[in-house]
Amino acid sequence: MLEEKKILLGVTGGIAAYKAVTLTSRLVQAGAQVRVIMTEAATKLVSPLLFKEISTHQVAVGMWGGNDEFNVEHVAVGRWCDLVVVAPATANIISKMANGLADDLLSTTLLACDKPKIICPAMNTNMLNNPATARNLATLRQDGVVIMPSAAGHLACGINGSGRLPEPEDILAFIDGYLASLHGDLKGMKILVTAGGTREAIDPVRFIGNRSSGKMGYAIARDAARRGAQVILVSGPTALEPPRNVVVHQVETTQEMLDAVLSAYDQVDAVIKAAAVADYKPHHQAEQKIKKQDDNLVLTLDKNPDILKLLGQRKKHQILVGFAAETQNLLENAAAKVKKKNLDMIVANDVTMQGAGFSTDTNVVKLLYPDGKIESLGLMTKEEVGNHILDIVREKVAAKRQEKA
Ligand code: CTP
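Residues numbered from 1 in each chain as written. Predicted model: local features only at pLDDT ≥ 70, side-chain atom pairs only at ≥ 80, totals over all residues. Heavy atoms only, no water.

Visitor: Describe the pattern of salt bridges, listing the residues and the values that go with them.
Guide: A full pass over the atoms with the stated rule returns 19 salt bridges. Here Asp306 and Lys341 are joined by a salt bridge, their closest N and O atoms 2.8 Å apart. A residue pair is termed long-range when its members are at least 10 positions apart, and Asp306 in the loop between β15 (301–303) and α12 (307–313) and Lys341 in the loop between α13 (330–340) and β17 (345–350) qualify at 35 residues. What makes Asp306 partly exposed here is its relative accessible area of 27%. A relative accessible area of 14% places Lys341 in the buried class. (Salt bridge = Lys/Arg side-chain N within 4 Å of Asp/Glu carboxyl O. Helix = DSSP H or I, 4+ residues; strand = E, 2+ residues; numbered from the N terminus. Buried < 20%, exposed > 50% of the residue type's maximum accessible area, 1.4 Å probe, protein only.)

So, in structure tokens, the structure goes:
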């Protein structure tokens, strides 16, 4: 999303100003053009020369600095850019922005610029929590300024708390996510993805689980967010890093997954149910670890709710995509699930095939539709399969919206 984007980076005088150097470098590496305006205070902490070398452009500081690159600097640079990022944003610049003050080049430029703005507040915890700062941030939010939440951790004042400037990689991902929400082909869509396998406890140390790695669902969630969708990921336990710019709900049991999915169902345009759900749970969960005794141990299992079937019964505007991992009679079994669960599409794969299945990075799937149409995709990465599914979901959501209009 950052390729060819023109970014005006405002750097103010917080201790974390040094991180803005790395941020500039990452933005440039991602293909953005970056122009930097520093406040006087920021120049006491980091040399403008560093920003100039990395951005390959003059760095502007004062109102009357005579920068050849812009005619009337505060107007020209604001007109030139696609997006403004202020990182770090001190309590002072936040207060100036909220109150429309223009007493230096950065604040004047921000006032004159009508392009989207992201600010990354960074300051001591008490300053951040001060009602005045909270008020100013609320005002900015109301004015349409996007505020990246500050991180928690060790602060320059010696305490641990919130107010840390997030790491440059995280700021980069936040900017990327924001641009995707403006320009991505899934912008304006809300997609719920489930991933991983659910677990049902037998006793405090054992559970019934399955081989799902979560890779397919995580790939879909990551790509949907990259393409600008608002994504909710309901995930069973996995070893995977949560994708950036995605709201993640971690669950363990089928019932927890059902509750999390139902609580979001009314607001979403599509549900992609990649999770491998435990169909049964032990009738009794032993409170203490079960001791080894007889040669045989019989567990009585109770049926869990079928989440997707319930969603199919309650379907209004939503597009429903299911997954069917089968070991035999793939097409027959998958087609029956499309009907039984009232789906718009099912992604069927024979998990016994080479390159398909649980822990692989690739998959071989067939897509089945309610009208009986079948589409076979060859061996693809899970990322490619995910993007193909998202292309179809985008078309189906658009068609559904048109139908309603
Ligand atoms: N699914 C679900 N809730 C369940 C079982 C399955 O939501 N209790 C969803 C899965 O997330 C998947 C689809 O239904 O998208 C098909 O899952 P699968 O396990 O293949 O099918 P089942 O309906 O469980 O049928 P069977 O186990 O008999 O194959």
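Visitor: Requested: an account of the site of the ligand, with residues and values cited.
Guide: Near the ligand there are 14 residues, and of these Lys273, Ala275, Phe323, Lys337 and Lys341 occur at the shortest range. Ala275 places a main-chain nitrogen or oxygen 2.7 Å from an oxygen atom of the ligand. Burial of the ligand by the protein amounts to 78% of the accessible area it has alone, namely 560 Å². Structurally, the ligand is housed in the largest pocket. When residues of the shell around the ligand are traced back to their parent elements, those giving at least two are α12 and β16 (319–326). (Near = heavy atom within 4 Å. Polar contact = N/O pair within 3.5 Å; in protein donor to acceptor, adjacent residues only side chain to side chain. Areas by Shrake-Rupley, 256 points an atom, 1.4 Å probe, with all protein chains shown as cover. 1 Å grid on protein atoms, 1.4 Å probe; cavity = no way out; pocket = protein on both sides within 12 Å on 5 of 7 lines; lining within 4 Å. Sits in = over half its atoms within 2 Å of the grid points.)

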